[in-house]
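Listed here are the chains, written in short residue letters.
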Amino acid sequence: VCTHGCLWKLSVIVVVKLIRLTQLLLRPEACCAYVLMVTAVYWVSEAVPLGAAALVPAFLYPLFGVLKSSEVAAEYCKDTTLLLMGVICLAASIEKWNLHKRIALRMVMIAGAKPGMLVLGFMCCTVFLSMWLSNTSTTAMVMPIAEAVLQQLICTGLADSHDDSETGEAPEEDNEENLDKNQLELLYRNDSAVCVAIEIPNVKRVKMRRDSQYPTKRDHMICKCLSLSITYAATIGGLITITGTSTNLIFAEQFNNRYPDAKVINFGTWFIFSFPIAIIMLVLTWLWLHFLFLGCNFRETCSLSKKRKTRREMLSERRIHEEYAKLGPISYPEVVTGVFFILMTLLWFTREPGFVPGWTSLFEKKGYRTDATVSVLLGFLLFLIPARRPFSSSSSSSKKSLYDDSESDPLAPMITWKDFQRLMPWEIVILVGGGYALAAGCKVSGLSVWIGRQLEPMSGLPPWAVTLLACLLVSAVTEFASNPATLTVFLPILSALSETLHINPLHTLIPSTMCVSFGVMLPVGNPPNAIVFSYGHVQISDMVKAGFGVNLIGVAVVMLAITTWGVPLFSLTEFPAWAMARNVTGSL
């Protein structure tokens, strides 16, 4: 295996060197194209870590004379980096004080234990959390809670079948004993390697699952449906906000860098456009998964009537209530985190809403304050505010958990630097910075203009056809390559194409940015897929079958949005002045 891996990396390096030998004329466009190809090869092949590959422009651009070293370095830390840091501070506080678990369990309690409603409840809470946290973190948070419910379902079914085969009908105490014997404990694993004890299956149970050791086939289908619904819901939730996923941040920063006079992409406009998309996708994805795994009997799987609940559903519902009861009453740190969460959202929305003057109009100098200003300010305050209630002598005001700083130090803050470091995705920061550097090189060297000229034969296509082709191409490539890397490679090309065809760049860039998140057919498509696959309920064939439908749903809904409410929102019927100015400048 080691030899195979070494040969693979060596072959990638050789290919890169051969590409270099073909660059006989070292013009700026050729040099920039070489750097772009080298970085893209490393990203797609993953011969080196994605973050390390993103550093390639940092040394090749200065060596080839495309950009100065100081100019390249400036591209690696932008406004969106500070925006992400502030959001991670809030996410660290949410995780530390278990606010995410309280929200998830409460929403599932509202939905009930009927399979159809249970899946919809988990999807709703996953979408909501994924709006503000990364898709990977959200999946890692929600999946153990879902697994505990599924484990209850499986164990109850095993106990029922055991009773039916031996005694026909056993007392309630025996069933409870069988439940306890069948429940095993596993540690909840997330990105930070912090462990929280939750009763979910161990390796032996995963092996049993793959041998189809489920009480009934229907139970297996419920497990498949719920598991896949979480990863798809995490992807859908990440579309809603500009900070929901790294690809949204990459698009926002590259667009604002390329078209500084546009002033059309902010938290509010993105939310207004993407929220209906997420709602439609959520409903259609739920219907598709329900049809695929649970059938079409919605009356049986979605009824809220207590008379229609089976014993197993009542036990699962009781298990969810027990997990919620373990959290105890809402704590002071949870209240503070919730207030900051709401405050950050409101300040983002009201900064520059567009239809009315925002709070930035209160300042004399315009253009100095962005969403990152709000994010970093509130994130910084979380390092200052004590986690213990003011004027409280007892330590009961701080939630007892894995974090005992507030117990020993009355002035311990809501989060510490270790909490922040544990969640901060530095690899994504460098990866995004590498994308900005590549975009800057394409602009300075004139490569983007050259690419646009090569795409002139497509000028006869209508805008919707160009957008559809871009969406299908991006969604296909992202199944095998990382989402940020795919988008970083395609954004400059699509921008140049739009300028050449005199199409509003937003007409192609926004749909492509959304479709790049639809890599949901394989475990390697994105980290949430891999997390769900590792639990052992689904096979690759299940992911391909369900993911193909979700992919088609996503592309269709995005195309519907960009041709309907996206047109008046972004003025897509006209080629804007800010794009025209950029096109003229690039041509010169």
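The numbering scheme is per chain: residues are counted from 1 as the chain's sequence reads. The predicted nature of this model means local features are confined to residues of pLDDT at least 70 and side-chain atom pairs, given and counted, to a pLDDT of 80 or more, with totals for whole chains, interfaces and linings taken over all residues. Side-chain metrics rest on all non-hydrogen atoms present in the structure, leaving aside hydrogens and water.

Some thoughts on the packing of aromatic side chains
So the rule is basically this: Any two of the Phe, Tyr and Trp rings considered here, Trp counted by its six-membered ring, make a pair once their centres fall within 6.5 Å; the pair's planes then place it as stacked at under 30 degrees, edge-to-face at over 60, or tilted in between. Categorising residues by exposure relies on relative accessible area from a 1.4 Å probe, with only protein chains included: less than 20% of the type maximum marks a residue as buried, more than 50% marks it as exposed, and the intermediate range marks it as partly exposed. Charge over a ring is defined by NZ of Lys or CZ of Arg lying within 6 Å of the ring centre and within 35 degrees of the ring normal.
If you walk through the whole model with that rule in mind, you get 15 aromatic pairs. Look at Phe-420 and Trp-426: their rings are 6.5 Å apart centre to centre, the planes differ by 80°, and that puts the pair in the edge-to-face class. Of the residues examined, Phe-420 reaches a relative accessible area of 1% and is grouped as buried. Of the residues examined, Trp-426 reaches a relative accessible area of 38% and is grouped as partly exposed. Here a set of aromatic residues connected by ring pairs shows up, and it is made of Phe-251, Phe-255, Tyr-259, Trp-270 and Trp-578. Taking NZ or CZ as reference, Arg-369 lies 4.1 Å from the ring centre of Phe-363, over its face.

Overview of empty space enclosed by the protein
Heads up, the rule is: Only protein atoms enter the 1 Å grid used here, on which a cavity is any set of points holding a 1.4 Å probe that cannot leave and a pocket is any open set flanked by protein within 12 Å on both sides along at least five of seven lines; residues with an atom within 4 Å of a point are listed as lining. Grid points are joined across faces, edges and corners, and a volume is the space filled by probe spheres set on the points. In this text, helices come from DSSP runs of H or I with a minimum length of four residues, and strands from runs of E with a minimum of two, each type numbered from the N-terminal end.
Under the criterion given, the structure shown has 7 cavities of 30 Å³ or more. If you add up the space inside the largest cavity, you get close to 70 Å³. Looking at the largest cavity, the residues that line it are Thr-80, Thr-81, Leu-84, Leu-249, Ile-428, Val-429, Val-432, Gly-433 and Tyr-436. Residue assignment for the lining of the largest cavity shows that the elements contributing at least two residues are helix H6 (79–96) and helix H21 (426–445).

Focus: the confidence of the model for the protein
In plain terms, the rule: Across the chain, each position has a pLDDT score giving the predictor's confidence in that residue, from 0 to 100. Contacts are assigned to residue pairs that have any heavy atoms within 4.5 Å of one another.
Taken over all residues, the pLDDT of the protein has a mean of 75, while the share at 70 or more is 74%. Within the protein, helix H25 (residues 505–515) carries the highest mean pLDDT (92), whereas strand E1 (residues 186–188) carries the lowest (31). Low pLDDT, under 50, characterises residues 158–212; the stretch is placed with 90 contacts to residues that sit more than four places away or in other chains.

Some thoughts on the nonpolar core
Across soluble globular proteins, nonpolar side chains show a tendency to be buried alongside one another. This is how it is decided: Put simply, buried Ala, Val, Leu, Ile, Met, Phe, Trp, Tyr and Cys residues joined by side-chain atoms within 4.5 Å make one nonpolar core.
Judged by nonpolar contacts, the single largest core of 128 residues is most densely connected at Phe-122, Phe-251, Phe-255, Ile-265 and Leu-506. Not counting chain neighbours up to four residues away, the residues in contact with Phe-251 comprise Ile-265, Trp-270, Leu-487, Leu-491, Leu-506, Leu-509, Ile-510 and Thr-513. Formed by 28 residues, the second largest nonpolar core is a distinct cluster that contains Cys-31, Ala-47, Leu-60 and Ala-437.

Considerations on the layout of surface pockets
Condition: For this classification, Asp, Glu, Lys and Arg are treated as charged, while Ala, Val, Leu, Ile, Met, Phe, Trp, Tyr, Cys and Pro are nonpolar and the rest, including Gly, are polar.
Looking at the second largest pocket, its volume works out to about 720 Å³. If you trace the second largest pocket, you find 30 residues lining it, with Asn-256, Lys-263, Ile-265, Arg-351 and Thr-370 closest to the centre. The biggest single contributor to the lining of the second largest pocket is helix H13 (residues 246–258), with 4 residues. In the lining of the second largest pocket, the residues fall into 12 nonpolar, 9 polar and 9 charged.

Structural notes on the packing of helix H12 (residues 217–238) against helix H26 (residues 527–534)
Going by this rule: Lines fitted to C-alpha atoms define the axes, with helix axes restricted to the stretch in contact, and inter-axis angles between N-to-C directions lie between 0 and 180 degrees. Roughly parallel here means an angle under 35 degrees, roughly antiparallel means over 145, roughly perpendicular means 65 to 115, and every remaining angle is called oblique. For a crossing to be left-handed, the near helix must be turned anticlockwise from the far one by less than a right angle; the clockwise case is right-handed.
Here H12 crosses H26 at 165°, and the two axes come no closer than 9 Å. Viewed along their axes, H12 and H26 adopt a mutual orientation that is roughly antiparallel. Here the hand of the crossing between H12 and H26 comes out right-handed. Residues Ser-227, Leu-228 and Thr-231 of H12 form the contact with H26, whose own contacting residues are Pro-528, Asn-529 and Val-532. Broken down by class, the residue content of the contact of H12 with H26 amounts to 3 nonpolar, 3 polar and no charged.

Some details on a nonpolar patch on the surface
We count it as follows: Distance thresholds for patches are 9 Å for like charges and 5 Å for nonpolar side chains (Val, Leu, Ile, Met, Phe, Trp, Tyr), applied to residues having over 30% relative accessible area and no salt bridge. All accessible areas in this document rest on Shrake-Rupley with a 1.4 Å probe, and a residue is counted as covered only by the protein chains that are shown. Salt bridges are counted wherever a side-chain nitrogen of Lys or Arg sits within 4 Å of a carboxyl oxygen of Asp or Glu.
On the surface, Phe-275, Ile-279, Val-283, Leu-284 and Leu-287 cluster together to form a nonpolar patch covering roughly 370 Å² of accessible area. Residue Leu-287 is classed as partly exposed on the basis of its relative accessible area of 33%.

Quick look at the environment of Glu-334
Selection criterion: Two N or O atoms form a polar contact when they lie within 3.5 Å of each other; inside protein one atom must be a possible hydrogen donor and the other a possible acceptor, and for residues adjacent in sequence the pair counts only when both atoms belong to side chains.
Along the chain, Glu-334 falls in helix H17 (residues 332–351). Taking relative accessible area as the criterion, Glu-334 reaches 1% and is therefore assigned buried. Taking the C-alpha atoms as reference points, Glu-334 and Lys-96, 238 residues apart in sequence, are found 9.3 Å from one another. Reaching out from Glu-334, the side chain makes a polar contact with the backbone nitrogen of Ser-331 at a distance of 3.1 Å.

Notes on the pattern of salt bridges
Tallied over the entire structure, the rule returns 4 salt bridges. With a closest N to O distance of 3.2 Å, Asp-542 and Lys-224 form a salt bridge. Here Asp-542 is found in helix H27 (residues 540–563), whereas its partner Lys-224 is found in helix H12, with 318 residues between them in sequence. By relative accessible area, Asp-542 is classed as buried at 6%.

Some points on unusual backbone geometry
The backbone of His-502 shows a phi angle near 55°, a positive value even though the residue is not glycine. Along the polypeptide, His-502 turns up in the loop between helix H24 (483–501) and H25. One non-glycine residue with positive phi stands out, namely Ser-571, at about 55°. Take Ser-571: its relative accessible area is 35%, and that puts it in the partly exposed class.

Things to note about helix H18 (residues 371–381)
Applicable threshold: Arc definition: it is the arc formed by the directions from the helix axis to the C-beta atoms.
Of all the residues in H18, the buried ones are Asp-371, Ala-372, Val-374, Ser-375, Leu-378 and Gly-379. End-on view of H18: buried residues confined to an arc of 160°, all on one side of the axis. Where H18 is buried, its residues meet H6, helix H14 (267–294) and H17.

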